[in-house]
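Structure at a glance
Read off the chains here:
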Amino acid sequence: MYRIWLQLVAFLGGFVVPGLLQVSGMEIFTSSEVEAVNGTNVRLKCTFSSRSPVQAQSVIVSWNFRPLNQGPEESVFYYHETSYPPTSGRFKDHAVWSGDIMRNDASITLHEVPPTFNGTYICQVHNKPDVHGRNGEIILKVVNKEIDSSDEESEPSSGDEEEEEGEEDDDDDDDDDDDNGGGGDDDD
């Protein structure tokens, strides 16, 4: 009886094991770390490959966030045939779909990122029957913009430097610059 059982398991194993191997074909690709300047937009790129054919109705994408302080994980975004942006919480009006399922792209864009967005973003993609595999993880670092010397040069000056150089015609140019808005904040 034992011999028959072993033969049956070996025979059925040939059918069961290949089926299991097909289910675990999902691979997700992300950058390990992304840096963004405070107040700017940043695209969190997540692409995938699947052993199963990709069809819009079979792919489910979810993005989650794990804050630096190891607080509870939060939902950032959900996609299944259409995008479901968050309706409440810190990501409301910040997270938008920027992927293309038919091109194996499950990316999102975060708008006007504040420092509270520092943390780990987890991209999960399921393409039935490929529902197993590692998630993609991106560490986002939101940094403050550094003020460089070129920003200081764009400030309106008194014109003393140009008078010292003896260029009298530049005084007329300075007056034109002042008439064009001076600080440049009007365009924002």
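Residues numbered from 1 in each chain as written. Predicted model: local features only at pLDDT ≥ 70, side-chain atom pairs only at ≥ 80, totals over all residues. Heavy atoms only, no water.

**Concerning the packing of aromatic side chains**
Summed over all chains, the structure comprises seven aromatic pairs. When the ring of F65 is compared with that of F91, the centres are 5.3 Å apart and the planes differ by 70°; the resulting orientation is edge-to-face. Linking F65 in strand β5 (residues 59-67) with F91 in the loop between β7 (83-84) and β8 (95-97), this pair joins segments that are 26 residues apart in sequence. Three or more aromatic residues link up through ring pairs in this structure, and these residues are F65, F91, F117 and Y121. (Phe/Tyr/Trp six-rings, centres within 6.5 Å; stacked < 30°, edge-to-face > 60°. Helix = DSSP H or I, 4+ residues; strand = E, 2+ residues; numbered from the N terminus.)

**Observations concerning the state of the cysteines**
Within the structure shown, the criterion is met by one disulfide. The disulfide bridge from C46 ends at C123, spanning 2.0 Å between sulfur atoms. Linking C46 and C123, the disulfide has an S-S dihedral of approximately -80° and is accordingly described as left-handed. Note that C46 is positioned in strand β4 (residues 46-49) and C123 in strand β10 (residues 119-127), a separation of 77 residues in sequence. In terms of burial, C46 and C123 fall into one category: buried. (Disulfide = S-S within 2.5 Å. Buried < 20%, exposed > 50% of the residue type's maximum accessible area, 1.4 Å probe, protein only.)

**Looking at the sheet that holds strand β9 (residues 108-110)**
An order of β3-β9-β8 is seen for the three strands of this open sheet, with the pairing classed as antiparallel. Whereas interior strands pair on both sides, the edge strands pair on one side only; in this sheet they are β3 (42-44) and β8. Recorded for the sheet is a direction-independent mean angle of 30° between the axes of neighbouring strands. Bridging between β3 and β9 involves three bridges; their strand directions are antiparallel. Paired with R43 across the strands is T109, a residue of β9. (Pairing = 2+ DSSP bridges. Axes fitted to C-alpha atoms, helices over the stretch in contact; angles between N-to-C directions.)

**Here's the deal with the confidence of the model for the protein**
In the predicted model, the protein carries a mean pLDDT of 76, and the fraction of residues at 70 or more is 65%. Confidence drops under a pLDDT of 50 for residues 1-23, and excluding neighbours within four residues, the segment shows seven contacts in the predicted structure. Contacts for the low-pLDDT stretch residues 152-188, under 50 throughout, to residues beyond four places or in other chains number nine contacts. (pLDDT = per-residue confidence, 0-100. Contact = heavy atoms within 4.5 Å.)

**A word on the pattern of salt bridges**
For the structure shown, the criterion picks out six salt bridges. The salt bridge partner of E73 is R66, with a shortest N-O separation of 3.6 Å. Here R66 falls in the partly exposed class, since its relative accessible area comes to 23%. When the shortest N-O distance is used, the salt bridge between D100 and R103 registers 3.6 Å. Owing to a relative accessible area of 69%, R103 belongs among the exposed residues under this scheme. Among the ionic contacts, a cluster of salt bridges with common partners joins R66, E73 and E137. (Salt bridge = Lys/Arg side-chain N within 4 Å of Asp/Glu carboxyl O.)

**Observations regarding the nonpolar core**
A general feature of soluble globular proteins is that nonpolar side chains tend to end up buried together. Residues F48, W63, V76, L110, Y121, V125 and L140 are the most contacted members of the largest nonpolar core, which totals 30 residues. Where this core is concerned, the elements lending two or more residues are β2 (33-37), β3, β4, β5, β6 (74-79), β9, β10 and β11 (136-143). The leading source of residues in this core is β5, at four residues. In this structure, Y121 is in contact with L44, W63, N64, F65, V76, F91, L110, G136, E137, I138 and L140, ignoring residues within four places of it in sequence. (Core = buried A, V, L, I, M, F, W, Y, C linked by side-chain atoms within 4.5 Å.)

**Concerning unusual backbone geometry**
Between K128 and the following residue, P129, the backbone shows a cis peptide bond with an omega angle of 10°. With respect to the helices and strands, the residue P129 is situated in the loop between β10 and β11. Positive phi outside glycine occurs at N104, with the angle close to 60°. Checked against the element boundaries, N104 lands in the loop between β8 and β9. We classify N104 as partly exposed; its relative accessible area is 22%.

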